[in-house]
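Here's the letter readout for the chains.
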Amino acid sequence: MPVITCIDDLKRLHARRTPRMFYDYAESGSYTEQTFRENVTDFEKIRLRQKVAVDMSNRSIAGEMIGTPVTMPVALAPVGLTGMQSADGEIKAARAAEKFGVPFTLSTMSICSIEDVAAQTTAPFWFQLYVMRDEDFVDRVIDRARAAGCSALVLTLDLQILGQRHKDLKNGLSAPPKLTIPNILNMMTKPEWCLGMLGTRRRSFGNIVGHAKGVGDLSSLSSWTAEQFDPQLDWKKIARIRDRWGGKLILKGVLDVEDAQRAADFGADAIVVSNHGGRQLDGALSSIRMLPSIVRAVKGKTEIWLDSGIRSGQDVLKALALGADGTMIGRSYIYGLGAMGEAGVTTALEVIRKELDTTMALCGERDIRNLGPHNLLVPKDFEGDWA
Ligand SMILES: Cc1cc2nc3c(=O)[nH]c(=O)nc-3n(C[C@H](O)[C@H](O)[C@H](O)COP(=O)(O)O)c2cc1C
């Protein structure tokens, strides 16, 4: 067994054990990948304030996210094609999250269906919705999520058209992968992955195939998205979805102060300050850089969560200290899944928990709820002076 001490270790194993097209799918941003890179490097610019001679016994990093108790405020973000990183990947990740005591979010573009995940887990999970042109499909998938006991709807607002990721086009990304010579040669170097895939029937988009009308070839994600996703999604349509759902609503992909105000006035239970992990609008600012202005605008009116760029418990601490009420992780758990299946997701969560707890202690805090700007050293020009 390799010794895993950080998320980067899992990333290296993921690269080794998962077919190239799926690792690349996870490890890419749109266009030049500037935003993808800066999501990570901007966290590094924030430093921590060390405190000594304070009682650091009996620490707690537990909290709540939209009223749900969590062992740490870190939810698993929705990630499409998770079941291609490892066979039945969504079920494995959901189980790891359940055992660990953090929420799991199932993507519309998952391989395992809502019903599959519900049947294989006991804790309620959250369902992430992409809004399609086909209103019937949208209504039915919302009803399916409710029937499966999903406890919140995560409505993603920043992907009505797909940001171009060069590698996916070059690799001919598809689920399942096409049996071309280069793909076969690459898959032959990933025997465990192949065995897993041969042992499952879940190899296509479980929420869509058999549920959406006229779905032929889903394998080209980019052209399918262009045909099916509703480019007219606006606040009126969001209100229609909220009314149809009738439960807790999280608006994901907010990166602008005015949008955050609108989402808070709209009554969202939480917003996720996110640029989709740098996969959509390349050139947008990193989430962590946008966070302080959004916190100033809407703190207390709605829960503010942050994702994009979190690769450690230290990053989680920085987001919370800057005013986030919670966080989500995408790639950090996907690396774990691609590396070691369910055990890898658990390892990713354990790595983050330990880093968060140790860092909190060395910052002189015993309760995660007491974190604040006093724990950080933030460069004066961190937010930038933009015209
Ligand atoms: C491979 C991959 C697939 C994703 N698919 C979805 C998706 O289906 N729905 C969604 O709302 N967000 C999706 N996201 C975005 C994540 O929910 C999250 O915003 C992002 O991963 C956060 O950045 P991080 O990976 O740096 O943590 C995806 C991200 C990745 C890396």
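For every chain, the first residue of the written sequence is number 1, and numbering continues from 1 onward in sequence order. Totals for whole chains, interfaces and linings use all residues, but because this is a predicted model, local features are given only for residues with pLDDT of at least 70 and pairs of side-chain atoms are given and counted only at 80 or more.

What the protein chain contains, in helices and strands, is 16 helices and 12 strands. Radius of gyration here uses only the C-alpha atoms, and the compact-globule reference equals 2.2 Å multiplied by the residue count raised to the power 0.38. Expected size for 387 residues packed as a compact globule is a radius of gyration near 21 Å; at 20 Å, the protein chain falls within 12% of this value. The principal-axis extents of the C-alpha atoms in the protein chain amount to approximately 60 × 50 × 45 Å. Neighbour counting defines burial: a residue surrounded by 20 or more other C-beta atoms within 10 Å of its own C-beta is buried, one with 12 or fewer is exposed, and intermediate counts give partly exposed, using backbone-placed C-beta atoms. Among the 387 residues that make up the protein chain, the fraction classed as buried is 49%. Expressed as a percentage of contacts within the protein chain between residues at least 6 apart in sequence, the contacts between residues at least 24 apart total 73%. Strands are runs of DSSP state E lasting at least 2 residues, helices are runs of H or I lasting at least 4, and numbering of each runs from the N terminus. A residue pair is marked as a contact if its C-beta atoms, positioned from the backbone, fall within 7 Å.

Bringing the site of the ligand into the picture now. As used in this record, a residue near a molecule or strand is one whose C-beta atom, placed from the backbone, is within 6 Å of it. Around the ligand sit 24 residues in total, of which Ala77, Gly80, Ser107, Gly277 and Gly330 are the nearest. For the shell around the ligand, the secondary-structure elements that each account for two or more residues are helix 2 (20-26) and helix 16 (331-362). Classifying every residue of the shell around the ligand gives 8 nonpolar, 12 polar and 4 charged. Gly is put with the polar residues, along with every residue not named as nonpolar or charged; the nonpolar set is Ala, Val, Leu, Ile, Met, Phe, Trp, Tyr, Cys and Pro, and the charged set is Asp, Glu, Lys and Arg.

What follows covers the packing of helix 15 (residues 313-321) against helix 16. Running from amino to carboxyl end, helix 15 crosses helix 16 at an angle of 55°, the nearest separation of the two axes being 7 Å. Taken together, the axes of helix 15 and helix 16 lie oblique to each other. For the pair helix 15 and helix 16, the crossing hand works out as right-handed. Facing helix 15, whose interface residues are Gly313, Gln314, Val316 and Leu317, helix 16 presents Ile352, Arg353, Lys354, Glu355, Leu356, Thr359 and Met360. Looking at the contact of helix 15 with helix 16 residue by residue, the class counts come to 5 nonpolar, 3 polar and 3 charged. Orientation is described by lines fitted to C-alpha atoms, with helices fitted over the stretch in contact, and by angles between N-to-C directions that extend from 0 to 180 degrees. In what follows, roughly perpendicular refers to angles from 65 to 115 degrees, roughly parallel to angles under 35, roughly antiparallel to angles over 145, and oblique to any angle outside these ranges. For a crossing to be left-handed, the near helix must be turned anticlockwise from the far one by less than a right angle; the clockwise case is right-handed.

This part is about the environment of Leu306. Position of Leu306 among the secondary structure elements: in strand 10 (residues 303-306). Along the sequence, Leu306 and Met328 sit 22 residues apart, while their C-alpha atoms lie 6.3 Å from each other. Every residue in contact with Leu306, bar those within four places of it in the chain, is listed here: Val273, Ser287, Ile288, Leu291, Ala319, Ala324 and Thr327.

Before going further, it helps to examine the sheet that holds strand 5 (residues 105-106). At least two bridges found by DSSP between two strands are what make those strands a pair. Ordered in space as 4-11-10-9-8-7-6-5, the 8 strands form an open sheet in which the pairing is parallel. Because the sheet does not close on itself, it has two edges, and the strands there are strand 4 (74-76) and strand 5. The pairing of strand 5 with strand 6 (residues 126-129) spans 2 bridges and is classified as parallel. Counterpart to Thr105 in the pairing with strand 6 is Trp126. Of the strands in this sheet, strand 8 (249-254) and strand 9 (270-273) are in contact with helix 13 (residues 257-266), which crosses strand 8 at around 175°.

Here we come to the pairing of strand 6. Side chains Trp126 and Gln128 of strand 6 all project onto a buried face; the interleaved residues Phe127 and Leu129 project onto the opposite face, where all are buried too. In this view, the connection linking strand 5 to its parallel neighbour strand 6 by way of helix 6 (residues 114-120) has right-handed handedness. Across 4 bridges, strand 6 lies against strand 7 (residues 152-156) in parallel orientation. Its bridge partner lying in strand 7, Leu129 is registered against Leu155. Crossover handedness is defined here as right-handed if the route from the first strand over the helix to the second strand goes clockwise, with the strands pointing away from the viewer. Read as a crossover between parallel neighbours, the route from strand 6 over helix 7 (residues 135-147) to strand 7 is right-handed.

Its location among the elements puts Leu322 in the loop between helix 15 and strand 11 (326-329). C-beta crowding within 10 Å serves as the criterion here: with 23 such atoms nearby, Leu322 is assigned to the buried category. Sequence-wise, Leu322 and Glu98 are 224 residues apart; in three dimensions their C-alpha atoms are separated by 27 Å. With near-sequence residues (within four places) excluded, Leu322 lies in contact with Leu291, Pro292, Val295, Pro373 and Leu376.

Here the residue pair Ala175 and Pro176 is connected by a cis peptide bond, since its omega of -5° sits within 30 degrees of zero. Considering the arrangement of structural elements, one finds Pro176 in the loop between helix 8 (166-171) and helix 9 (181-188). Within the chain, Ala53 stands out as a residue other than glycine whose phi angle is a positive 55°. You can see Ala53 is positioned in the loop between strand 1 (47-48) and strand 2 (63-65). A residue is classified by how many C-beta atoms lie within 10 Å of it, and Ala53, with 6 of them, is exposed. For Asn58, which is not a glycine, the phi torsion comes out positive at approximately 50°. A count of 7 C-beta atoms within 10 Å places Asn58 in the exposed class.

Read these as layout, nothing more, since geometry by itself doesn't imply function.
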